[in-house]
Amino acid sequence: MRLDRSNIIRFVTIACAYFISGYVGLQFPYYGSSVTLIWAPSGIALGTLLAWGWRYFPAVFVGALLVNLTTDVPVLTALLIATGNTLAGALPAAIIRKICGPSPSSSLRGMLLFLLLGTVLGPGISALIGTTSLSLTLIGNFEQFTNIAQAWWLGDLVGAMVIGPLILRLIQQEWQTRSIAFYVELALACIATVILSSAVQTTPLISKPEYLFIFVSLPFILWGTIRFGLLGAALINALIVMDVVIFAALGE
């Protein structure tokens, strides 16, 4: 990878996006626990490495290491966890790009590979290496291994599945080919999604998953898909999930 201006900007973008999203995510664990319901950095790593190439994996490592250094784990543990985080994004991205190119959504095979490698295998690698590292270097035993690994894998899986396609779509979107009205309507759809999703979750009478699906997920994702294609579907889906995670962290 040549160190030209474009590559440097991409490197810094990946590292900063990983660190910022990871640091924010750590502030919103599930209410009464230390479990992060969605680990957005896993999606950022997968999406950017798919779009720009797996050779940017050092940027993922830097971002992951910085995030882990903000926690109470020893430096060795932070290095091991960051290594797992990096492999979780780089390995699936390299395989998917090799077989299907940078746009897996353009074919059924690409989508299946994305789901299997990007959202199942990748998070599994991260959870396995991360949980093993914690058990060996910090906890000192493997008594909590299964519980920690399951929670770790689930958070990374949701992040890869929800944030990964959004990042990929944001990078590959041809922004200048659309009119201002297109983006104004998209912004209105996003704002309405957040408002209604928040209203459903904070209204005792309808604060149930089925109502969230009927009144928010189904109509707004359909709106996003029909009017804005993959960009709208991925963006609105991500907003709903993040809204749910925030309210869950607050005890709703």
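Please read these numbers as outputs of a predicted model, since none were measured by experiment.

Draft legend 1. Representation of the layout of surface pockets in the model. If you add up the space inside the second largest pocket, you get close to 360 Å³. Forming the boundary of the second largest pocket are 15 residues, of which Met111, Met161, Pro165, Leu230 and Ala234 lie nearest the centre. Mapped by element, the contributors of at least two residues to the lining of the second largest pocket are α5 (108–139), α6 (145–172) and α8 (209–249). The leading source of residues in the lining of the second largest pocket is α6, at 6 residues. For the lining of the second largest pocket, the class distribution of residues is 11 nonpolar, 3 polar and 1 charged.

Draft legend 2. Broad picture of the pattern of salt bridges. A full pass over the atoms with the stated rule returns 1 salt bridge. Across the pair Glu185 and Arg227 runs a salt bridge, and its minimum N-O distance is 2.6 Å. Linking Glu185 in helix α7 (residues 180–202) with Arg227 in helix α8, this pair joins segments that are 42 residues apart in sequence. By relative accessible area, which is 47% here, Arg227 ends up partly exposed.

Draft legend 3. Focus on the environment of Pro102. With respect to the helices and strands, the residue Pro102 is situated in the loop between α4 (75–100) and α5. Here Pro102 falls in the partly exposed class, since its relative accessible area comes to 34%. C-alpha of Pro102 to C-alpha of Leu50: the two residues are 52 residues apart in sequence and 5.3 Å apart in space. Non-local contacts of Pro102, meaning those with residues more than four positions away in its chain, are made with Leu50, Ala51, Arg97, Leu168 and Gln172.

Draft legend 4. Representation of the packing of aromatic side chains within the structure. Per the stated rule, a full pass over the model turns up 9 aromatic pairs. Ring geometry for Phe142 and Phe145: centres 5.8 Å apart, planes at 40 degrees, overall tilted. The partly exposed category is assigned to Phe145, whose relative accessible area is 22%. Put simply, the rings of Trp175, Phe182, Tyr183 and Phe228 pair up and form one aromatic cluster. The ring of Phe182 has Arg178 sitting right over it, with the charged end atom 4.6 Å from the ring centre.

Draft legend 5. Just the packing of helix α2 (residues 40–52) against α6, in detail. Relative to each other, α2 and α6 sit at 40 degrees, their axes nearing to 6 Å. Viewed along their axes, α2 and α6 adopt a mutual orientation that is oblique. By crossing handedness, the relation of α2 to α6 is classed as right-handed. When α2 is examined against α6, the residues Ala40, Ser42, Gly43, Ile44, Leu46, Gly47, Thr48, Leu50, Ala51 and Trp52 are found in contact with a partner set consisting of Asp156, Gly159, Ala160, Ile163, Gly164, Ile167, Leu168, Ile171 and Gln172.

Draft legend 6. How the structure looks around the nonpolar core. Ranked by internal contacts, the top residues of the largest apolar core, which has 32 residues, are Tyr18, Leu49, Leu50, Val60, Leu134 and Trp152. For this core, the elements supplying multiple residues, two or more each, are α1 (5–26), α2, α3 (57–69), α4, α5 and α6. Take this core: its biggest share by element is 7 residues, from α4. Beyond its immediate sequence surroundings of up to four residues, Tyr18 is in contact with Trp39, Pro41, Ile44, Ala45, Val60, Gly63, Ala64, Val67 and Asn85. Grouped together as the second largest cluster of nonpolar side chains are 24 residues, Phe182, Val200, Val241 and Val245 included.

Draft legend 7. Summary view of the packing of α7 against α8. Put simply, α7 and α8 touch, their axes get as near as 8 Å, and they point 25 degrees apart. Here α8 runs roughly parallel to α7, going by the angle between their axes. Between α7 and α8 lies a crossing whose hand is right-handed. In terms of residue class, the contact of α7 with α8 is made up of 22 nonpolar, 6 polar and 3 charged.

Calculation notes
Residues numbered from 1 in each chain as written. Predicted model: local features only at pLDDT ≥ 70, side-chain atom pairs only at ≥ 80, totals over all residues. Heavy atoms only, no water. 1 Å grid on protein atoms, 1.4 Å probe; cavity = no way out; pocket = protein on both sides within 12 Å on 5 of 7 lines; lining within 4 Å. Points joined across faces, edges and corners; volume = space filled by probe spheres on them. Helix = DSSP H or I, 4+ residues; strand = E, 2+ residues; numbered from the N terminus. Nonpolar A, V, L, I, M, F, W, Y, C, P; charged D, E, K, R; others polar. Salt bridge = Lys/Arg side-chain N within 4 Å of Asp/Glu carboxyl O. Buried < 20%, exposed > 50% of the residue type's maximum accessible area, 1.4 Å probe, protein only. Contact = heavy atoms within 4.5 Å. Phe/Tyr/Trp six-rings, centres within 6.5 Å; stacked < 30°, edge-to-face > 60°. Lys NZ or Arg CZ within 6 Å of the ring centre and 35° of its normal. Axes fitted to C-alpha atoms, helices over the stretch in contact; angles between N-to-C directions. Parallel < 35°, antiparallel > 145°, perpendicular 65-115°, else oblique. Left-handed = near helix turned anticlockwise from the far one by under 90°. Core = buried A, V, L, I, M, F, W, Y, C linked by side-chain atoms within 4.5 Å.

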